[in-house]
Amino acid sequence: MEKISENKCFGGTQGVYSHDSQSTGTPMTFGLFLPEEAEDGAVPLLWFLSGLTCTHENAMTKAGAQAWAAEHGLALVFPDTSPRGEGVADDDAYDLGQGAGFYIDATEAPWAPHFRMESYILNDLSDQLFSDFPLDSDRQAITGHSMGGHGALTLAAKSPGRFRSVSAFAPICNPTESDWGKKQFTAYLGSPEAGRAHDATCLIRENDLDAPLLIDTGTDDQFGDLLKTEALAEALAARRAEATLRLQKGYDHSYFFISTFMEEHVAFHAEALWA
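Now for a description of the structure that goes with this document. A quick note: this is a predicted structure, and the numbers were derived from the prediction, not measured.

Parameters and conventions
Residues numbered from 1 in each chain as written. Predicted model: local features only at pLDDT ≥ 70, side-chain atom pairs only at ≥ 80, totals over all residues. Heavy atoms only, no water. Helix = DSSP H or I, 4+ residues; strand = E, 2+ residues; numbered from the N terminus. Rg over C-alpha atoms; globule rule 2.2 N^0.38 Å. Contact = heavy atoms within 4.5 Å. Areas by Shrake-Rupley, 256 points an atom, 1.4 Å probe, with all protein chains shown as cover. Lys, Arg positive; Asp, Glu negative; His and termini not counted. Charge placed at Lys NZ, Arg CZ, Asp CG, Glu CD. Buried < 20%, exposed > 50% of the residue type's maximum accessible area, 1.4 Å probe, protein only. Core = buried A, V, L, I, M, F, W, Y, C linked by side-chain atoms within 4.5 Å. Pairing = 2+ DSSP bridges. Axes fitted to C-alpha atoms, helices over the stretch in contact; angles between N-to-C directions. Parallel < 35°, antiparallel > 145°, perpendicular 65-115°, else oblique. Left-handed = near helix turned anticlockwise from the far one by under 90°. Nonpolar A, V, L, I, M, F, W, Y, C, P; charged D, E, K, R; others polar. Phe/Tyr/Trp six-rings, centres within 6.5 Å; stacked < 30°, edge-to-face > 60°.

### Comments concerning the overall build of the protein chain
Here is step 1 of the chain: Looking only at helices and strands, the protein chain has nine helices and nine strands in total.
Here is step 2 of the chain: For the protein chain, whose C-alpha radius of gyration is 17 Å, the value lies close to the compact-globule estimate of 19 Å for 275 residues.
Here is step 3 of the chain: Taking the principal axes of its C-alpha atoms as reference, the protein chain extends roughly 50 × 45 × 35 Å.
Here is step 4 of the chain: Considering only residue pairs separated by 6 or more positions, the protein chain has 72% of its internal contacts joining residues 24 or more positions apart.
Here is step 5 of the chain: Entry remark: accessible area of the protein chain is about 11,100 Å², with carbon and sulfur atoms responsible for 46%.
Here is step 6 of the chain: Charge separation in the protein chain, taken as the distance between the mean sites of 18 positive and 41 negative side-chain charges, equals 5 Å.

Here is the structure:
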């Protein structure tokens, strides 16, 4: 692992690191905030999965999460959203290829050799984090924005018992029924139908999440039609799931929206992680 940078931040340390991933076959970069408490022992970890076009850096610098994580003694990890570099497949569209990994393992050419973000998050990056940093693997929570909200919901649903709490900001809720999903699942997996195993609404219709859930979405979200929030709300209601889904009046899809409600999301996770 290579240290790219480390900066003092709210009494702790905001670092950026690079490591080789067996899953993607590429170097991968991630940000990690460690609170001051990490100097004395392992601390809980909150994952933040970012959205389309983002790198590890967007949420790390714009979401305002470190101040609240420091207040609760939580670590924060900010992974990249896809493999990158020479020889990695890409597309001219913003919502396919590099920056648009969708947190799944691709099976179709030319994506399959490198686009294995589900395995990267759950295996490679996890192994690196818990072997090299003072983090408590028994106390994990996950959140994310947009495509990353989709990732947080689906990875939690497919990893029962791993995450003590789950939240999302404007997640893509039903990608098999959205243009943010049909296109990507066809490219990466061969068909939209193959994406049902990576669709939060489909997963929750079949099996309830085993962790409390908090979702915020803005009523003025410019991508609202692509998110399919109503479908997930119906699935959660049908399962009588432990969930809070809030429509925030006047808010859009931006990091201004995320930073406004970040304090509440971090507090929500802290309650579960320190229970």
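### Comments concerning helix 4 (residues 147-157)
Here is step 1 of the chain: Most of helix 4 sits out of view: 10 of its 11 residues are buried.
Here is step 2 of the chain: Listed in full, the buried residues belonging to helix 4 are Met 147, Gly 148, Gly 149, His 150, Gly 151, Ala 152, Leu 153, Thr 154, Leu 155 and Ala 156.

### Quick look at the nonpolar core
Here is step 1 of the chain: Among the nonpolar cores identified, the biggest contains 84 residues, and Phe 30, Leu 32, Trp 47, Leu 129 and Tyr 188 are the most heavily contacted of them.
Here is step 2 of the chain: Setting aside chain neighbours within four positions, we find Leu 32 in contact with Thr 13, Gln 14, Gly 15, Tyr 17, Leu 45, Leu 76, Val 77, Leu 129 and Phe 133.

### As for the side chain of His 145
Here is step 1 of the chain: Following the sequence through the fold, His 145 ends up in the loop between strand 6 (135-144) and helix 4.
Here is step 2 of the chain: Discounting residues that sit within four places of it in the chain, His 145 has contacts with Phe 48, Leu 49, Ser 50, Gly 51, Phe 169, Ala 170, His 253 and Ile 258.

### Let's talk about the pairing of strand 4 (residues 43-49)
Here is step 1 of the chain: Most of strand 4 is tucked away, with seven of its seven residues classed as buried.
Here is step 2 of the chain: Sheet topology note: the strand 4/strand 6 ladder contains six bridges and is parallel. Directly across from Leu 49, in strand 6, lies its bridge partner Gly 144.
Here is step 3 of the chain: As paired strands, strand 4 and strand 5 (residues 75-79) are joined by three bridges and run parallel to one another. Its bridge partner being in strand 5, Leu 45 is matched across the sheet by Ala 75.

### Describing the packing of helix 2 (residues 65-72) against helix 9 (residues 255-273)
Here is step 1 of the chain: As a packed pair, helix 2 and helix 9 sit with axes 9 Å apart at the nearest point and diverge in direction by 30°. Taken together, helix 2 and helix 9 sit at an angle that is classed as roughly parallel. Between helix 2 and helix 9 lies a crossing of right-handed hand. Contact residues: Ala 65, Trp 68, Ala 69 and His 72 in helix 2; Met 262, Glu 263, Val 266, Ala 267 and Ala 270 in helix 9.
Here is step 2 of the chain: Across the contact of helix 2 with helix 9, the residue classes tally to seven nonpolar, one polar and one charged.

### Focus on the packing of aromatic side chains
Here is step 1 of the chain: Under the counting rule described, the total for this entry stands at 14 aromatic pairs.
Here is step 2 of the chain: Both rings, one in Phe 48 and one in Phe 78, keep their centres 6.2 Å apart while their planes meet at 45°; by these two values the pair is tilted. Remark: Phe 78 occurs in strand 5 and Phe 48 occurs in strand 4; sequence separation between them is 30 residues.
Here is step 3 of the chain: When its relative accessible area of 2% is taken as the criterion, Phe 48 is described as buried.
Here is step 4 of the chain: By relative accessible area, Phe 78 is classed as buried at 0%.
Here is step 5 of the chain: With a centroid separation of 5.6 Å and an interplanar angle of 25°, the aromatic rings of Phe 115 and Tyr 188 are classed as stacked. Here Phe 115, found in the loop between strand 5 and helix 3 (117-132), pairs with Tyr 188, found in helix 5 (residues 179-189); they are 73 residues apart in sequence, far enough to count as distant.
Here is step 6 of the chain: Members of the aromatic cluster, connected to one another through ring pairs, are Phe 48, Phe 78, Phe 169, Tyr 251, Phe 257 and Phe 261.

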